Amino acid sequence: MCLSKGESNIEIKSNLIGENSYVDQQTLNLSSEKTQTLNVESNHKSANTFSNITSKAISKNKSKIVYRSNIRVEKKCHNSIAKQIENSLLLDDESKIDAVPMLEVFNDNIEVSHGITATKIDEETINYISTRGINKIEAKKLIMNGFCKSISDKITNKEHKLRSEEHTSELQ
């Protein structure tokens, strides 16, 4: 689990060396007025390995998220599974996402997938939630918390969970 706030350059590299190796990389990046760079790499070096890279990012105030992710599957790594997804939520028109998912696959007998999404909170969604008696600030907070939920729910350390919630609240 990786949680970053402010200017940062984070590199995460996993090497799946033994047969049946497994890695599940989860990152949550919250940025305001800063550039955050995240480089994630998963190298499959044995058969029957599994990797999952999941990243979520929220940015506002002209911040920029730079995301590079690479999955490499060696020729001898049959029956391996590799997944990567990066989802970004941009809270204003000045914030940016620069995402490049990469795949280096040298074996046809595997399952591999990757994807990137970038979205904004639209006024129609805010207005719909507001018709349910929730003010616009709380509606935005609900959307942001829901966006982070798949990662934040996995945080078991109480101090880290509190920091995650505080950072998300600061972005509103």
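These remarks concern the structure in this document. (Residues numbered from 1 in each chain as written. Predicted model: local features only at pLDDT ≥ 70, side-chain atom pairs only at ≥ 80, totals over all residues. Heavy atoms only, no water.)

Here we come to the packing of helix α1 (residues 123-130) against helix α2 (residues 136-152). Interhelical geometry of α1 versus α2 gives an angle of 115° and a closest axis separation of 9 Å. With respect to their mutual orientation, α1 and α2 come out roughly perpendicular. The crossing of α1 and α2 is right-handed. Between α1 and α2, the residues in contact are E123, T125, I126, N127, I129 and S130 and K136, A139, K140, L142 and I143, respectively. (Axes fitted to C-alpha atoms, helices over the stretch in contact; angles between N-to-C directions. Helix = DSSP H or I, 4+ residues; strand = E, 2+ residues; numbered from the N terminus. Parallel < 35°, antiparallel > 145°, perpendicular 65-115°, else oblique. Left-handed = near helix turned anticlockwise from the far one by under 90°. Contact = heavy atoms within 4.5 Å.)

For the structure shown, the criterion picks out seven salt bridges. Of the charged contacts in the structure, one is a salt bridge between D153 and K149, with a shortest N-O distance of 2.8 Å. (Salt bridge = Lys/Arg side-chain N within 4 Å of Asp/Glu carboxyl O.)

Let us now look at the packing of aromatic side chains. Throughout the structure, instances matching the rule amount to one aromatic pair. Judged by centre distance (5.0 Å) and plane angle (10°), the rings of Y22 and F50 are stacked. Here F50 lies in strand β5 (residues 50-60) and Y22 lies in strand β3 (residues 22-32), a separation of 28 residues in the sequence. Since its relative accessible area comes to 54%, Y22 is described here as exposed. Seen from the ring of F147, K56 lies directly overhead, with NZ or CZ sitting 4.7 Å from the centre. (Phe/Tyr/Trp six-rings, centres within 6.5 Å; stacked < 30°, edge-to-face > 60°. Buried < 20%, exposed > 50% of the residue type's maximum accessible area, 1.4 Å probe, protein only. Lys NZ or Arg CZ within 6 Å of the ring centre and 35° of its normal.)

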